[in-house]
Amino acid sequence: MTAEAPRAKDGRAPDVFKSGGWLPMREYPDAEAVDFAIVGAGAGGATLAAKLAKAGFSVVVFEAGPFWRPLDDFASDELEQQKLYWTDDRITGGDDPIALGGNNSGRGVGGSTVHFSMISLRFRPEWFKCRTKLGYGFDWPVSYEEMAPYYAEAEQALSVSGPVRYPWGPSRGRYPYRPHEVNASGLVLARGAEKLGIKWASTPLATVSAPRGESPPCVYRGFCNFGYSTNAKQSALVVWAPHAVRAGAEIRDLAMVGRIEMTAQGRASGVHYHREGEWHFQKAKNVVVAGYAIETPRLLLNSACPQFPNGLANSSGLVGTHLTTHAGPGVWGTFEEEIRWYKGPPNMAVTEHWNYCDEGKDFHGAYAFMSQGPLPRAWAQTLAATRGLWGEALRTEMLKYNHTAGFVPVAETEPRSQNRVELADDSDQYGLRIPRVIFSYSENDKRLQRHSVRFMSEMLDAAGGRDLWTNDDTSHIMGTCRMGGDPAASVVNAGGRSWDIPNLWVCDGSLFPTTGGVNPSLTIQALACRIGDRIKALARRGEL
Amino acid sequence: MSEPDPPPVSTAAPPALYSGYDVLDKWASPSFDAKTRGVLAQRLHVLPERRFLTEEEWRLVEAISARLVPQPDRARPIPITPWIDDMLAADRGEGFRHDGAPPMREAWRRGLAAIDAEARRRHAQGFAGLAPDAQDATLRAVHQGEVDPADWPGLSATQFFLDTLLKTVAGIYYAHPDAWSEIGFGGPASPRGYVRLGFDERDPWEAKEAP
């Protein structure tokens, strides 16, 4: 491990927009019971922190990773930027073990939004009632109509750059920023879609197409999945964390929360956290867990105590269960033209055709798919490990890098109880039990993926792709503390509040009862905005 | 390494598709920011000393890497082994391991020993001492899982070969600027980025493909 020292302390936090810069930051003593202790500074935690601090609550956010300054800390280099990923020891099992680390988690203020692909799509309205309306999964306890204003709030906050008329979903206002010019990799998708007669769009992306505050427009350098060194990307590090600090929240970096403390009356009283080599205890009136779909259930389970022997918020037995991911079987082909897919954001064109069309499906669920732009290291690893290419064969195949294009879906998987996060017997560097992630595809999941591979292959072929081949992958993790309307069938209510422990909340992708066929970050941020408003309303009514 | 054998066909180098292009020519241009220059200077000029592997394991990794990414065309091959040793010494992994599999360092120790055992079983000699075609035959057997399971406790030979060994070696090779130049990758691009994004479009600071 590299020696890391916290930056956010002594009354200041890094100013992400200035080399070596600082922002003044309010600090709270451990002994002061703050209104909210939030665990995790990603899409859920940083967003909620900004909302609550603006509403006048005292807020401390605990982030296990560093507080980056992109201008100083981020290189245009795949290997160096592996530091953005959560790489603490974890076990992955089941019939179809999920690759963790860089695939689906971040470490540092901003969480995985620091390296996400910036794809900012809304759920199809019916997915919020997918059991009732589409016959699969679990209904959300909120409707699209309730979520729509929060989607709009999140899109405005991120200055999402997208088309004037987005071709799917209910009519909506235009995106805040104009769409990006589509690169050749995206034009392959466009060409294929037009040949097959389906719609495509320039992907709505959370990287700005024109200047915005201290963010310059995107320069199409293509390293988006490795941190954006120029701050065009509207990550939680760049958007919500500075809002939160300016509004009076404290963000404590390199602070790993290991356990939530409970009172004899069954309320959370604060969090034990590890920082600068020691354990500390922060008192809090409310605790929000926002560590994403592995660390959130892990913390609730690791906080088991005599009063709650099966972990916190777990009277339903559902904490850690119903883990979902997005399957991402890729289809790849070679083109006569130069594509040079390293230029621009990796996913500049999208089709949501199979998110909105239900005819001809032999499965429940949905998928979108996007054009791709992997960088050489990641691409060589995919080629080598998938096709077993090595020796001269690998080097020769890699020469096709500039002539390759492909599609990867964001393919829904069913929420099932056997797919779960549990505690393994091994411990990590803090002495905390590490998570074991167990995942297997259902027959439906496999049918959905076969459909996507068939369809994407047909489209890539129509676009002029030759020598097609496929690989398997996944992205995103969701669903392990689902929200719902019934205490016996959900971990938290529609406001993210635990049914069992009234001052304990969850605010991240763990909440998703069903996953849909789009990337989750926009929905997580919209949910966090909504939960922030719900908490304000409860406080006004004296029900907090 | 052994005495040089007549090179088998498989040690041919791929054709030079972007000859004359060198990513590093952009070192002082607006495509390279200070942070990136610092990171790459380290990679190019400061090779980590051996800290984790034994001398014998080091030689074995050298020999394996030379078959996984042969570089007969390079006077100065891209270094692989020092970065594997560095990764293991720092215990800096991908952040997950398969259920039942040992932790990363132990997996490498066992896997390397098993490959050497496979070489001895097939060719009565350690892997590093074999001729390249015998080395390739050994690696093919490991890749295909045609091994003695007794040598692979808690490990799948195929999984170790593909997901640990090959993925790591390929990832190190293609993290080097010489490999970027070889495949015509633009390389670092901050803050300048790119302007021409369409089919067959190329900025003047990008690689030109041989006609």
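Peer 1: What exactly am I supposed to notice about the overall build of chain A here?
Peer 2: Helix and strand counts for chain A come out as 12 helices and 21 strands. Expected size for 544 residues packed as a compact globule is a radius of gyration near 24 Å; at 22 Å, chain A falls within 12% of this value. Taken over the C-alpha atoms alone, chain A extends approximately 65 × 50 × 50 Å along its principal axes. Expressed as a percentage of the 544 residues in chain A, the buried residues total 60%.

Peer 1: Explain the overall build of chain B to me, please; I cannot follow it from the model alone.
Peer 2: Regarding its fold elements, chain B presents 7 helices and 1 strand. Reading the helices (α) and strands (β) of chain B from amino to carboxyl end gives α-α-α-β-α-α-α-α. Projected onto its principal axes, the C-alpha coordinates of chain B cover approximately 55 × 40 × 35 Å. Here chain B holds 211 residues, and 42% of them are scored as buried. Of the contacts made within chain B by residues no fewer than 6 positions apart, 67% connect residues no fewer than 24 positions apart.

Peer 1: Could you clarify how one ought to interpret the interface of chain A and chain B in this entry?
Peer 2: Think of interface size as the accessible area that goes away when the parts come together; that is how it is often given. Contacts between the two partners involve 54 residues from chain A, matched on the other side by 48 residues from chain B. Counting only elements with at least two residues in the side of chain A that touches chain B, the list comes to α2 (70-73), β5 (91-93), α5 (184-196), α9 (376-387) and α10 (392-398) of chain A. Considering every element that reaches the side of chain A that touches chain B, the biggest residue donor is α9(A), with 6 residues. The residue makeup of the side of chain A that touches chain B, split by class, is 23 nonpolar, 15 polar and 16 charged. Here β5(A) pairs with strand β1 (residues 97-98) of chain B via 2 bridges, running parallel. Bridge pairing in β1(B) links I91(A) to R97(B).

Peer 1: Help me understand the nonpolar core, please; the structure alone is not making it clear to me.
Peer 2: As a rule of thumb, soluble globular proteins bury nonpolar side chains together. Ranked by size, the top nonpolar core spans 222 residues in total, and within it I38(A), A49(A), V59(A), V61(A), A244(A) and I251(A) carry the most contacts. For this core, the leading source of residues is helix α6 (residues 157-173) of chain B, giving 10 residues. The contact partners of A244(A), leaving out residues within four places of it in the chain, are A46(A), A49(A), A50(A), A53(A), V61(A), A249(A) and I251(A).

Peer 1: I would appreciate a short explanation of the sheet that holds strand β9 (residues 268-275) of chain A in the present structure.
Peer 2: The pairing of strands in a sheet happens through backbone hydrogen bonds and is either parallel or antiparallel. Residues and elements named next belong to chain A. One open sheet holds the 3 strands; their spatial order is β8-β9-β10, and the pairing between them is antiparallel. Lying at the two open borders of the sheet, with one neighbouring strand each, are β8 (256-262) and β10 (278-283). For this sheet, the mean inter-axis angle between neighbouring strands, taken without regard to orientation, is 25°. With 6 bridges joining them, β8 and β9 adopt antiparallel strand pairing. In the sheet register, M262 faces β9, and the bridge partner there is A268.

Peer 1: Hey, could you run me through helix α4 (residues 144-157) of chain A in this one?
Peer 2: Every α-helical turn comprises 3.6 residues, leaving residues that sit three or four positions apart pointing alike. Residue and element names in this part refer to chain A. Across its 14 residues, α4 extends 19 Å between first and last C-alpha, which sits within 8% of the 20 Å expected from 1.5 Å per residue. Residues of α4 that are buried include every one of M147, Y150, Y151, A154, E155 and A157, and no others. Residues of α4 that are buried make contact with α12 (521-540). One or two steps after α4, the chain reaches S159, where phi turns positive at roughly 45°.

Peer 1: Any chance you could explain the packing of α9(A) against α6(B) here in plain terms?
Peer 2: Geometrically, a packed helix pair is captured by the angle between its two axes and the distance between the axes. Interaxial distance between α9(A) and α6(B) falls to 9 Å at its minimum, and their mutual angle equals 145°. Relative to α6(B), α9(A) is oriented so that their crossing is right-handed. Contacts between α9(A) and α6(B) involve R377(A), A380(A), Q381(A), A384(A) and A385(A) from the former and L162(B), D163(B), L166(B), K167(B), A170(B) and G171(B) from the latter. Here the residues of the contact of α9(A) with α6(B) are counted per class, giving 6 nonpolar, 2 polar and 3 charged.

Peer 1: Just checking my understanding: could you explain the environment of F116(A) for this structure?
Peer 2: All names here are of chain A. Take F116: it is sitting in the loop between β5 and α3 (130-134). With 25 C-beta atoms packed within 10 Å, F116 lands in the buried category. Taking the C-alpha atoms as reference points, F116 and K233, 117 residues apart in sequence, are found 9.4 Å from one another.

Peer 1: What am I meant to see in the pairing of strand β20 (residues 474-478) of chain A here?
Peer 2: Note on strand geometry: in a regular strand, side chains alternate between the two faces of the sheet. Residue and element names in this part refer to chain A. Summarising burial for β20: 5 of the 5 residues are buried, a large majority. Pairing between strand β12 (residues 324-327) and β20: 4 bridges, direction antiparallel. From the neighbouring strand, T324 faces β20, where its bridge partner is M478.

Peer 1: Teacher, can you tell me more about the packing of α4(A) against α12(A) here?
Peer 2: Residues and elements named next belong to chain A. Between α4 and α12, whose axes approach to 8 Å, the crossing angle comes to 110°. In terms of orientation, α4 and α12 fall into the roughly perpendicular class. Seen from above, α4 lies across α12 with right-handed handedness. Two secondary-structure elements touch here, α4 through M147, Y150, Y151, E153 and A154 and α12 through L522, Q525, A526, C529 and R530. A per-class count over the contact of α4 with α12 returns 7 nonpolar, 1 polar and 2 charged.

Peer 1: Explanation requested: the sheet that holds strand β4 (residues 59-62) of chain A in the structure shown.
Peer 2: All names here are of chain A. Strand order in the open sheet made by the 5 strands is β7-β4-β3-β11-β21, with parallel pairing throughout. Across the chains shown, the open sheet's two edge strands, defined by having one partner strand only, are β7 (250-252) and β21 (504-506). In this sheet, neighbouring strand axes are inclined to one another by 20° on average, regardless of whether the strands run parallel or antiparallel. Helix-sheet contacts for helix α1 (residues 45-54) involve β3 (36-39), β4 and β11 (287-289), and the interaxial angle to β4 is about 170°.

Peer 1: Even after reading the chapter, I still don't get the confidence of the model for chain B, so can you show me in this structure?
Peer 2: Close reading of the predicted structure is inappropriate where its pLDDT is low. With 94% of its residues at a pLDDT of at least 70, chain B reaches an overall mean of 93. The model gives residues 1-9 of chain B a pLDDT under 50, and that stretch makes 10 contacts with residues more than four places away or in other chains.

Peer 1: Would you explain unusual backbone geometry in this entry?
Peer 2: Both trends apply: most residues other than glycine have a negative phi, and most peptide bonds are in trans. Here the amide bond leading from S190(B) into P191(B) is cis, since omega sits at 10°, within 30 degrees of zero. The topology assignment puts P191(B) in the segment after α7 (177-183). One non-glycine residue with positive phi stands out, namely S159(A), at about 45°. Of note, S159(A) is situated in the loop between α4 and α5. The residue Y292(A) is not glycine, and still its phi comes out positive at about 80°. Mapped onto the fold, Y292(A) is located in helix α7 (residues 292-302). The exposure class of Y292(A) is buried, given the 29 C-beta atoms found within 10 Å.

Cut-offs used in this document
Residues numbered from 1 in each chain as written. Chains lettered and ligands numbered in written order. Predicted model: local features only at pLDDT ≥ 70, side-chain atom pairs only at ≥ 80, totals over all residues. Helix = DSSP H or I, 4+ residues; strand = E, 2+ residues; numbered from the N terminus. Rg over C-alpha atoms; globule rule 2.2 N^0.38 Å. Buried ≥ 20, exposed ≤ 12 C-beta atoms within 10 Å, placed from the backbone. Contact = placed C-beta atoms within 7 Å. Nonpolar A, V, L, I, M, F, W, Y, C, P; charged D, E, K, R; others polar. Pairing = 2+ DSSP bridges. Core = buried A, V, L, I, M, F, W, Y, C linked by C-beta atoms within 7 Å. Axes fitted to C-alpha atoms, helices over the stretch in contact; angles between N-to-C directions. Expected span 1.5 Å × (residues − 1). Left-handed = near helix turned anticlockwise from the far one by under 90°. Parallel < 35°, antiparallel > 145°, perpendicular 65-115°, else oblique. pLDDT = per-residue confidence, 0-100.

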